[in-house]
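Now for the letters of each chain:
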Amino acid sequence: MRKIYFLLLLLIPLGLFAQQKPANQIPGTFNNNSPKGNTKISGTVIDESTGEPVEFASVSLINKKDERPVDGTITSDKGKFTLNNVAEGNYKLAVTFVSYETIFIDPVNANGKTNIDLGEIKLKADIKMLEEIVVEDKKDLIEDKIDRIVYNADQDLTNSGGDASDVLRKVPMLSVDLDGNVQMRGNGNIRVLINNKPSSIMAGSVADALKQIPADMIKSVEVITSPSAKYDAEGTAGIINIITKKNTLSGLSGNINLNGGNRGSNISGNMNYRWKKFGIALSTNGRAYYAPFEQSTLRENFTESGQLVSVIDQFNSGKSFGLFGNTQLGFDYDINDKNVLTGGVRLGYRTRDQDNLLVSNFDNPQSSTSNVFTREFDNGNGFNTLDVNLDYIKTFKKPKQELNILTLYSRGSGLQDFNVNQFNAQNLLTARENSSNNSFNEEMTLQIDYTHPFSDLFQLETGTKGIMRTVGSDFEFFNYDFDQEAFLLSPSRSNEFNYGQDVWSSYINFQYLTSSKWGFQAGVRYEKTDIEGNFITDEVGFTQSYDNWIPSVVVSRDFKDGSKIKLSYNQRIQRPSISFLNPFVNYADSLNISFGNPELLPELTNNYELSYSLFKRKFSLNTSLYWQQTTDVITSVQSIAENGVSTTTFENIAKNDRLGMSIFGSYNPNKKLRISANFNLYYTTFEAPGFENPEANSAFDMNLNASYDFGKGWSAQTFGFFRSRRVELQGLRGAFSFYTMGVKKEIFKDKGAITVGINNPFANSLKIRSDFSDTTFRSADVRSVFIRSYRIGFEYKFGNSNGQRKPRRTKRGINNDDMKQGESNEQ
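Quantities reported herein were computed from a predicted structural model and do not represent experimental measurements. Here the residue numbering is sequential within each chain, running from 1 through the sequence in written order. It should be noted that, the model being predicted, local features are given only for residues of pLDDT at least 70 and side-chain atom pairs only at 80 or more, the latter also being counted only at that level, while totals for whole chains, interfaces and linings use all residues. Based on all heavy atoms of the structure, the side-chain values leave hydrogens and waters out of the count.

## Thoughts on the environment of Lys751
Part 1 of the argument: By the criteria applied, helices consist of DSSP H or I runs no shorter than four residues and strands consist of E runs no shorter than two, each listed in order from the N terminus. Its place among the elements puts Lys751 in the loop between β38 (736–747) and β39 (752–759).
Part 2 of the argument: Along the sequence, Lys751 and Glu795 sit 44 residues apart, while their C-alpha atoms lie 8.1 Å from each other.

Set out below in structure tokens:
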């Protein structure tokens, strides 16, 4: 029945499309009311120096009486064009294309009886324009667009040698802790996309996935705080879209990046080939990181009446090593100037290993006894991913009219394991354990979107989507039997879990602009979710089904001084992903165990925002006030058992209100110096039965970025970041700061570059203190992160850098932004 329902939904945009009549002219660009005639005007546009046809060149027919265009088209792959039904009159023809001088054919006189063949029209390269393109290619570091903030990572030289988490740390409204966990305005419920598409590399730990993407491969990062109904309703805080570098030059081109340092190294490269209608791109990267760590924890456990029953003092130290990488092969094929086929395959892998030495001291004040033991354990975590997409894009004569049919298959498979040897105070081996968890996440998605502009000022968007998702977890726990000298399965700690989730959705969204610079956007999205979970070993199952109507409204006003004011409201939903659902129990630390909760409900958030932006030639400012109300908050909850063991899992137990203000500003006093700063302040309250409201509810984060171009290929940049203590349901997570500096020298006639960078040079490590408490425990932990690092990098671009650049259509992709993402329960 659900499949039939979904197929009916797919017919909605197709039905709308079928009702549209083909347009003969381009409304808003040419005069639709121009009289028709019988003359046909044709010709062929070629490159003057090579004789090759120029594809996608714009051809405009201009009435000489009022200098207004009356008709137009673009050239085919053979450079040919035709204008039909031209009325009698005196005209001139304009032919334009980027990096060429505009050419006019004057006069072009139509008598209504004879067809006109203009023959070959030769375009001459515009050297001045090519030089301007090179200069203008250096974008502002931060751009404020209508619905998003854009951070142009390729303009920030301090990114060289890092990974995606280093890049996101510098983006307005985002904060990233030292583990790579991302928050937007203090809210971790975000959705991360890559090139407008979801990726299975994000299905597990987002923090680990970000380490998989080298900073040198990132072109820009988009932050969308008020998504329209066109987007999946997932991500209560908003959407982060990571755009990787591409190349649209004809011929063969590419680049290679090498970086090495005392905390990590990476290598990345891409190669692109474009020939006429067909383009292919291959990119690959690998990254390794290595770092020591230390963490001390002191926890006091109490009875409900407040009597101290135990004290646990722990110290954990060790080394962490990780390998990350992905390879992507993509293609696009222009069937003709109105139809495009694109596709791609992405393979990803990551593995992380930790060697730990955990010393625990368990004191019982009532009996005056103490138990000291040491656990040596290695914790491994690997995850492999596959994404395959095939998309069809159709455009029409009417600008912005577009039909997209998008498909995606994703699968991720992971293995998490640990091996433990436990010793007593006399250093005798007393226990051995090992555990493994095989997990997978599989998705199949079909999406159809249609955009119809009724005029330049009024536009309709509609579409439908289906996601069929299956996740699974098979975990086993073994204890070593010293008598039998073998590991024996522990059935009570082993199980197999499967979880199916289908999400069916459809949306409609309207955009309207007035001549007085008012803008209105309103839409609604319907989503139906069906869930089925099963514990295979225990033969226990459960089901869920719920419907959501998700509205969104935006009202904006542009002013003549370059400023804009915007008021928006939207509702968002946050479904838990496998890292929150996985019931696998991590026993690596026997006094602190953790696991997921497969019966979690989704969060629902109402977002209100009022923003003001101002753009001047040398100065830009964006400020916003926001209010977020969330119910059924998915919260990490710690509880203490009678034996003193801490258990951490996730529950829907809280309501959350967050009121905040964010300010971003940039100042470019001249062409050499560029300064930008970002500040975010918010106040959070929790309502949860049985939990005390934290006293300190305010938090903030801020950053400062400055760069200077010394000329002759030399440039330098510095970046600093600070995040205050963060409010959580059961306490406060520690504050930390981060800063980096870098110098870059371009070589080989700007085809190559060498960068040198350093992070936190004046401190070998950061100490982060966090405090948590409840009626039954009080704990404090101090974590030492060894963050001082040095790096040197080399980049080289090769291939055709002066070839004809073809205008590429904006690539469309499936955005499965419907799952709450985050860290899995790893120690």
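After that view of the structure, there is still more to cover.
## Describing the pattern of salt bridges
Part 1 of the argument: Basic side-chain nitrogens of Lys or Arg form a salt bridge, by our definition, when they fall within 4 Å of a carboxyl oxygen of Asp or Glu. Under the criterion given, the structure shown has 14 salt bridges.
Part 2 of the argument: The residue Glu300 makes a salt bridge to Arg778 at a minimum N-O spacing of 2.5 Å. Of this pair, Glu300 sits in strand β17 (residues 278–302) while Arg778 sits in strand β41 (residues 777–785), placing them 478 residues apart in sequence.
Part 3 of the argument: For the exposure calls, accessible area comes from a 1.4 Å probe over protein chains only, and a residue counts as buried if that area is under 20% of its type's maximum, exposed if over 50%, partly exposed in between. Given a relative accessible area of 22%, Glu300 falls into the partly exposed group.
Part 4 of the argument: Residues joined by salt bridges that share partners form a network here, namely Arg525, Glu527 and Arg575.

## Quick notes on the sheet that holds strand β7 (residues 116–123)
Part 1 of the argument: Two strands make a pair as long as DSSP finds a minimum of two bridges between them. Taken in spatial order, the 3 strands make up an open sheet running β4-β1-β7, and their pairing is mixed. At either end of the open sheet lies a strand with only one pairing partner, and these are β4 (80–86) and β7. Strand-to-strand twist across the sheet, computed as the mean angle between neighbouring axes with direction ignored, equals 20°.
Part 2 of the argument: Alignment of strand β1 (residues 36–47) against β4, held across 6 bridges, turns out to be antiparallel. Counterpart to Gly43 in the pairing with β4 is Phe81. To get an axis, a line is fitted to the C-alpha atoms, and for a helix only the part in contact is used. The angle between two axes follows their N-to-C directions and goes from 0 to 180 degrees.

## Remarks on the sheet that holds strand β6 (residues 103–110)
Part 1 of the argument: Pairing in this open sheet of 4 strands is antiparallel, and the strands run β3-β2-β5-β6 from one edge to the other. Two strands in the sheet have a free side with no partner beyond their single neighbour: β3 (68–74) and β6. Pairs of neighbouring strands in the sheet enclose a mean axial angle of 25°, with direction left out of account.

## A look at the side chain of Gln447
Part 1 of the argument: Tracing the chain through its elements places Gln447 in strand β22 (residues 429–453).
Part 2 of the argument: Take Gln447: its relative accessible area is 7%, and that puts it in the buried class.
Part 3 of the argument: Each polar contact in these results corresponds to two N or O atoms within 3.5 Å; when the atoms are within protein, one needs to be able to donate a hydrogen and the other to accept it, and residues that are neighboring in sequence are counted only if both atoms are side-chain atoms. There is a polar contact of 2.6 Å between the side chain of Gln447 and the side chain of Asp449.

## Remarks on the pairing of strand β33 (residues 673–687)
Part 1 of the argument: Note: strand β32 (residues 646–667) against β33, 13 bridges, orientation antiparallel. Counterpart to Ser666 in the pairing with β33 is Ser676.
Part 2 of the argument: Strand direction decides the pairing type here: β33 and strand β34 (residues 698–711), joined by 11 bridges, are antiparallel. Counted as the bridge partner of Asn678 is Asn703 from β34.

## Remarks on unusual backbone geometry
Part 1 of the argument: Here the amide bond leading from Asp106 into Pro107 is cis, since omega sits at 5°, within 30 degrees of zero.
Part 2 of the argument: Structurally, the position occupied by Pro107 is in strand β6.
Part 3 of the argument: In this structure, Lys712 is a non-glycine residue whose phi angle is positive, near 55°.
Part 4 of the argument: With respect to the element layout, Lys712 can be found in the loop between β34 and β35 (714–723).

## A few points about the nonpolar core
Part 1 of the argument: The criterion is simple. A nonpolar core is a set of buried Ala, Val, Leu, Ile, Met, Phe, Trp, Tyr and Cys residues joined through side-chain atoms within 4.5 Å. Among the nonpolar cores identified, the biggest contains 23 residues, and Leu168, Ile218, Val221 and Ile240 are the most heavily contacted of them.
Part 2 of the argument: At the level of secondary structure, the elements contributing two or more residues to this core comprise β9 (149–151), α3 (164–168), β10 (174–176), β11 (182–184), β12 (190–194), β13 (218–224) and β14 (238–244).
Part 3 of the argument: We call two residues in contact when some of their heavy atoms are within 4.5 Å. Apart from residues no more than four positions distant in its own chain, Leu168 is found in contact with Leu174, Val176, Val182, Leu210, Val221, Ile240 and Ile242.
Part 4 of the argument: Ranked by size, the runner-up nonpolar core spans 22 residues in total, among them Val45, Phe81, Val95 and Ile116.

## A short note on the pairing of β12
Part 1 of the argument: With respect to burial, β12 is a largely interior element, 5 of its 5 residues being buried.
Part 2 of the argument: Across 5 bridges, β12 lies against β14 in parallel orientation. Directly across from Leu193, in β14, lies its bridge partner Asn241.

## Describing the environment of Leu308
Part 1 of the argument: Structurally, Leu308 can be placed in strand β18 (residues 308–336).
Part 2 of the argument: Overall, Leu308 belongs to the partly exposed group, its relative accessible area being 29%.
Part 3 of the argument: For Leu308 and Gln366, which are 58 residues apart along the polypeptide, the C-alpha to C-alpha distance reads 8.2 Å.
Part 4 of the argument: The contact partners of Leu308, leaving out residues within four places of it in the chain, are Glu300, Asn301, Phe302, Pro365 and Gln366.

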